[in-house]
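Descriptive structure summary
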Amino acid sequence: MESKIKALREQVEQTLCAVQTKEELSAFWQQFLSKKGSIQGLMKNLGSVPAEERPAVGKVINEFKAQVSAKYDEMAAKLEALELERLNKSEQVDITLPAKKRAAGSLHPITITKNQMIDVFSGMGFEIYEGPEIEDDDHNFTRLNVAKNHPARDMQDTFYVAQDILLRTHTSPGQIRVMDSQKPPIKVLVPGRVFRSDSDATHSPMFHQMEGLVVDKTITLCDLQGMLDEFVKKIFGGSVKTRLRPSYFPLTEPSVEVDVSCFECGGKGCGLCKGTGWIEVLGGGIVHHKVLENCGIDPNEYSGLAFGIGIERIAMLKYGINNIGLLYENDLRFLKQFKD
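Here goes a summary of the coordinates provided. In this text, all values refer to a predicted model and were calculated from it rather than measured experimentally. Note that residues are indexed from 1 along each chain, following the sequence as it is written. Side-chain atom pairs in this predicted model are given and counted only at pLDDT of 80 or more, local residue features only at pLDDT of at least 70, and totals for whole chains, interfaces and linings cover all residues. In computing side-chain properties, one takes all heavy atoms of the structure into account and sets aside hydrogens as well as water.

1. Side note on the packing of helix α8 (residues 221–236) against helix α10 (residues 311–319)
Worth spelling out the cut-off: Angles here are taken between N-to-C directions and fall from 0 to 180 degrees, while the axes themselves are lines fitted to C-alpha atoms, restricted in helices to the stretch in contact. A run of H or I in DSSP counts as a helix once it spans at least four residues, and a run of E counts as a strand once it spans at least two, with each numbered from the N terminus. Angles below 35 degrees are treated as roughly parallel, those above 145 as roughly antiparallel, those between 65 and 115 as roughly perpendicular, and all remaining angles as oblique. Throughout, a contact is declared for two residues whenever any of their heavy atoms are within 4.5 Å. Three categories are distinguished: nonpolar for Ala, Val, Leu, Ile, Met, Phe, Trp, Tyr, Cys and Pro, charged for Asp, Glu, Lys and Arg, and polar for the others, with Gly belonging to the last.
For the pair α8 and α10, interaxial distance at closest approach is 11 Å and the crossing angle is 45°. In terms of their interaxial angle, α8 and α10 are classed as oblique. Residues Phe 231, Ile 235 and Phe 236 of α8 form the contact with α10, whose participating residues are Ile 314, Leu 317 and Lys 318. By residue class, the composition of the contact of α8 with α10 is five nonpolar, no polar and one charged.

Here's what the structure looks like:
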């Protein structure tokens, strides 16, 4: 039995010295320390040892097993430390390498333009009101003096949700809601999304508009042009000026189209202004007396001005964008050109 233990001890030493991986260490345990291992086999052979020698031999075997187990644990700890060292080395960060550059984001050109427009009118004392995008026929058409047979009411121009419920076609319903809830004097700006069944290079089924409304005593077209003069100077530069051309809108009378002198050629005539020296930017006028009456405001005592500005229209002119679709494609190559 002593010779067997001695031979097995030498085998353990040789095998353990060759262990390099956890898999090899697991195989070592199976070979020597498991229930079917060589050391347990020695215990099974105790029956061949004389009875008086069995206690002493059994003690030697148990001491041998304890020594081998201790060496197994020592090797397991060593391999674990080597594995952790290798892992730490593979995950080590080289702080001398340059950091990854991440481009700073920016606001969308529509948001930039809207904020600039709000800043201009806020400086003139306008308050901001945002109405619902889903409107009823009464607020969107009837109380704005839009006739029952007006083409704007047709389904090919307007998105109807139900018979008298629709996606608002302009932000003008905000005028009605403000005049219903406030008494003059009123000075309010209504920005928001609007929807019309129209789509080409300069039109989109969904776009943004900004409505302005002023109601007070003795309001005239001169007040409108004065405000818009200040607006276009802030947006397009101090050298531009406005002109008013007669037009027609159901909610205003008189109604005007507002042009700005071409900021590209200084009014001399170019491709942007189509050789005229002027660019159309918005529409407006004096609030129709029926609209005031519909909101319980006496048109004999008060008058008002109103104007509607397409935010995309201003953004396209300001930044030289020739297709409105670019504003909705979310192409980073396009959007990263804009900084507030």
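Moving on from the model shown.
2. Section: a negative patch on the surface
Note the following rule: Think of a patch as exposed residues, more than 30% relative accessible area, with no salt bridge, where like charges cluster within 9 Å and nonpolar side chains (Val, Leu, Ile, Met, Phe, Trp, Tyr) cluster within 5 Å. For accessible areas, the Shrake-Rupley method is used with a probe of radius 1.4 Å. Any residue's cover is judged against the shown protein chains and nothing else. Salt bridges, as used here, are contacts in which a Lys or Arg side-chain nitrogen is within 4 Å of a carboxyl oxygen on Asp or Glu. Charge counting follows a simple rule: Lys and Arg are positive, Asp and Glu are negative, and His as well as the terminal groups are ignored. Taken as the charge location is NZ of Lys, CZ of Arg, CG of Asp or CD of Glu. Exposed residues in this analysis have more than 50% of their type's maximum accessible area, buried residues have under 20%, and partly exposed residues fall in between, with area computed by a 1.4 Å probe over protein chains only.
There is a patch of like negative charges on the surface, built from Asp 154, Asp 157, Asp 198 and Asp 200. Counting through the fold element by element, Asp 154 comes out in the loop between α6 (137–140) and β3 (165–167). The exposure class of Asp 154 is partly exposed, given its relative accessible area of 31%.

3. Topic: a nonpolar patch on the surface
A cluster of nonpolar side chains, contributed by Ile 134, Val 161 and Ile 165, occupies part of the molecular surface with about 250 Å² of accessible area. If you trace the backbone, Ile 165 turns up in strand β3. Ile 165 gets classed as partly exposed once you look at its relative accessible area, which sits at 32%.

4. Structural notes on the nonpolar core
Which entries qualify depends on this criterion: Throughout, nonpolar core names a set of buried Ala, Val, Leu, Ile, Met, Phe, Trp, Tyr and Cys residues whose side chains join them through atoms within 4.5 Å.
Of all hydrophobic cores here, the largest spans 44 residues; its most connected members are Phe 231 and Phe 307. The leading source of residues in this core is α8, at seven residues. With 20 residues, the next largest nonpolar core counts Leu 144, Val 146, Val 190 and Ile 297 among its residues.

5. Some remarks on the pattern of salt bridges
Summed over all chains, the structure comprises 14 salt bridges. In this structure, the salt-bridge partner of Arg 177 is Glu 135, at a minimum N-O distance of 2.9 Å. Here Glu 135 lies in strand β2 (residues 134–136) and Arg 177 lies in helix α7 (residues 173–181), a separation of 42 residues in the sequence. The residue Arg 243 makes a salt bridge to Asp 259 at a minimum N-O spacing of 2.9 Å. Of the two residues, Arg 243 sits in strand β6 (residues 242–249) while Asp 259 sits in strand β7 (residues 252–261), which places them 16 residues apart along the sequence. Counted as one network, the salt bridges with shared partners bring together Arg 243, Arg 245, Asp 259 and Glu 280.

6. Here we look at the packing of aromatic side chains
Stated precisely, the cut-off is as follows: In this scheme Phe, Tyr and Trp rings, the latter by its six-membered ring, pair at centre separations within 6.5 Å, and the angle between planes marks the pair as stacked below 30 degrees, edge-to-face above 60, and tilted otherwise.
Taken as a whole and judged by the stated rule, the model has eight aromatic pairs. Between Phe 121 and Phe 307, the ring centres sit 5.2 Å apart and the planes meet at 25°, which makes this aromatic pair stacked. Within this pair, whereas Phe 121 is found in helix α5 (residues 109–122), its partner Phe 307 is found in strand β9 (residues 303–310), the two being separated by 186 residues in sequence. The same class applies to Phe 121 as to Phe 307, namely buried. An angle of 5° between the planes, with centres 4.5 Å apart, marks the rings of Phe 236 and Phe 263 as stacked. Here the residue Phe 236 occupies a position in helix α8, and Phe 263 occupies one in the loop between β7 and β8 (278–287), the gap between them amounting to 27 residues. Exposure remark for Phe 236: the relative accessible area of 13% places this residue in the buried category. The exposure class of Phe 263 is partly exposed, given its relative accessible area of 24%. Cluster of aromatic residues (ring-pair linked, three or more members): Phe 121, Phe 126, Phe 231 and Phe 307.

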